[in-house]
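# Examining the three-dimensional arrangement
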Amino acid sequence: MAKILVTGGTGYIGSHTVVELQQNGFEVVIVDNLSNSYAGVIDNIEKITGIRPGFELLDLREDKKTDDFFNGHRDIAGIIHFAALKAVGESVAEPLKYYENNILSLVNILKAMKKYKLNKLVFSSSCTVYGQPDILPVTENAPVKQAMSPYGHTKQISEDIITNVCNVEPIHGVLLRYFNPIGAHDSALIGELPIGIPSNLVPFITQTAIGIRDYLRVFGNDYSTPDGTAIRDYIHVVDLAKAHVTAVNRLINLKNKKNVEIFNLGNGMGFSVLEVIQSFEKMAGVKLNYKIVERRPGDVEKVWADTSYANSELGWKAGKNLDDMTLSAWNWELYLRKINVY
Ligand code: NAD
Ligand code: UD1
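As a starting point, this report considers the structure included with it.

Thresholds applied
Residues numbered from 1 in each chain as written. Chains lettered and ligands numbered in written order. Predicted model: local features only at pLDDT ≥ 70, side-chain atom pairs only at ≥ 80, totals over all residues. Heavy atoms only, no water. Core = buried A, V, L, I, M, F, W, Y, C linked by side-chain atoms within 4.5 Å. Buried < 20%, exposed > 50% of the residue type's maximum accessible area, 1.4 Å probe, protein only. Helix = DSSP H or I, 4+ residues; strand = E, 2+ residues; numbered from the N terminus. Contact = heavy atoms within 4.5 Å. Near = heavy atom within 4 Å. Polar contact = N/O pair within 3.5 Å; in protein donor to acceptor, adjacent residues only side chain to side chain. Areas by Shrake-Rupley, 256 points an atom, 1.4 Å probe, with all protein chains shown as cover. Nonpolar A, V, L, I, M, F, W, Y, C, P; charged D, E, K, R; others polar. 1 Å grid on protein atoms, 1.4 Å probe; cavity = no way out; pocket = protein on both sides within 12 Å on 5 of 7 lines; lining within 4 Å. Points joined across faces, edges and corners; volume = space filled by probe spheres on them. Pairing = 2+ DSSP bridges. Axes fitted to C-alpha atoms, helices over the stretch in contact; angles between N-to-C directions.

## Considerations on the nonpolar core
- Counting residues in each nonpolar core, the largest one holds 41 residues, and the members touching the most others are L21, V122, L176, L265 and W316.
- Top element by residues in this core is helix 8 (residues 237-252). It accounts for eight residues.
- Leave out the neighbours within four places in its chain, and L176 touches V122, F123, S124, S125, S126, H244, A247, F263 and L265.
- By size, the runner-up hydrophobic cluster in this structure holds 26 residues, among which are L106, I109, F123 and C166.

Spelled out as structure tokens, the structure:
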């Protein structure tokens, strides 16, 4: 049974990926500093899969402790590196926190990989690297644009660091550029737990519908789109998680074609903010209170993925539709209320 290290494995996308890895026969060890997640997630992963993943409380900024961890786990077959800070607004206010956390963590992992001769890395990148693409749908060959935030910049720098290291070390990397992950596991036992006021659309919708927020602000209806609201490529988090299993298998089975490969992970379709709201209202059976307000600074108008390369090369395709996404997000919100999280 191959052992996979999942950094940030108690977080939103990481926890779903741990479940998929276990269900595909991998042994998993998680490291996380619990800065944006909680240890109870491990219990719920065990409830879903019947297997308790390994867990070590570790802050990847600490190079000595990170080295010690890797020294004790020389049998790791592959690493999926999710651990990062991801709040765009906060990164503008506190750029150093983001550069330190996201870059130092990656550098410490790569140093340990080099030292202990571990050579397979899957990295969480983002469609934010494309900014507003000139051509839609956006392919992996589209130019990387000036980052809109320090958070986005950490993703660009991280991609460059991995590429530079893979060019000179026997390390192979897969850079996965996620579009907009939403939704939760069918069991409703794991999902996204936003700390404080959510900045992302779907957690804000579900928190509004359940009564935590008064109303959703729809940021702009004067975009050049069919209904005037901005368009994104929403992807179910379970589909995204499955792509990580595929990517790590590809590296383990030496099927990668280059030492660094890049894949877009989206469902390949764009939905407007109003379409997401309509889907949510239909699936949850709840009328959502919302108001149209000014555009949010820094938002792109429309972006969705060309997923044909990921589909053909990885043999992976997103299977869930927008209604699956909004319903599972709602079921997760209902679970959070049941366990009195707020
Ligand atoms: P998340 O915050 O739920 O999970 C990240 C986890 O990493 C958290 O559990 C946090 O405690 C941990 N972590 C952060 N810094 C750490 C450190 N120094 N040491 C150890 N653990 C640390 O976020 P997520 O939504 O699951 O995102 C996972 C990855 O995907 C991130 O790299 C994020 O930037 C990237 N990504 C997310 C999205 C999205 O919309 N959620 C989109 C594109 C890319
Ligand atoms: C944002 C980040 C992106 C990051 C991603 C995942 C920005 C500019 N981009 O993407 O870098 O990778 O989150 O964390 O912040 N919306 C509303 N009302 C709300 C919230 C959102 O109308 O209260 C709209 C937005 O204007 C956008 C869409 O919903 O059109 C999706 O927004 P969001 O979920 O925040 O994701 P992105 O902005 O695409």
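## A few points about the site of ligand 2
- Around ligand 2, the surrounding shell holds 19 residues, and the nearest of these are L201, R217, R232, R296 and D299.
- Here S126 contributes a side-chain N or O atom positioned 3.3 Å from an oxygen atom of ligand 2.
- Here an oxygen atom of ligand 2 sits 3.4 Å away from a polar atom, N or O, in the main chain of S199.
- Relative to its free-state accessible area of 740 Å², ligand 2 is covered by the protein chains to the extent of 87%.
- When its residues are assigned to classes, the shell around ligand 2 shows nine nonpolar, six polar and four charged.

## A look at empty space enclosed by the protein
- Scanning all chains against the criterion turns up two cavities of 30 Å³ or more.
- Here the largest cavity is characterised by a volume of approximately 110 Å³.
- Together, 15 residues line the largest cavity, and E192, P203, T206, A329 and W332 are the ones closest to its centre.
- When residues of the lining of the largest cavity are traced back to their parent elements, those giving at least two are helix 7 (201-209) and helix 11 (322-338).

## A short note on the layout of surface pockets
- Counted as a void, the second largest pocket has a volume near 180 Å³.
- Together, E140, N141, K258, V260, E261, I262 and Y309 line the second largest pocket.
- Looking at the lining of the second largest pocket, the element that brings in the most residues is strand 11 (residues 260-265), giving three residues.
- Along the lines of polarity and charge, the residues of the lining of the second largest pocket split into three nonpolar, one polar and three charged.

## Focus: the sheet that holds strand 2 (residues 27-32)
- Read from one edge of the open sheet, seven strands run 3-2-1-4-5-6-11, paired in parallel fashion. Strand pairing shows two members of the sheet lacking a second neighbour, strand 3 (54-57) and strand 11, which therefore form its edges. Here the average twist between neighbouring strands, direction ignored, is 20°.
- Inspection of the sheet shows strand 2 paired to strand 3 by four bridges, in the parallel sense. Bridging across to strand 3, V31 finds its partner in E56.

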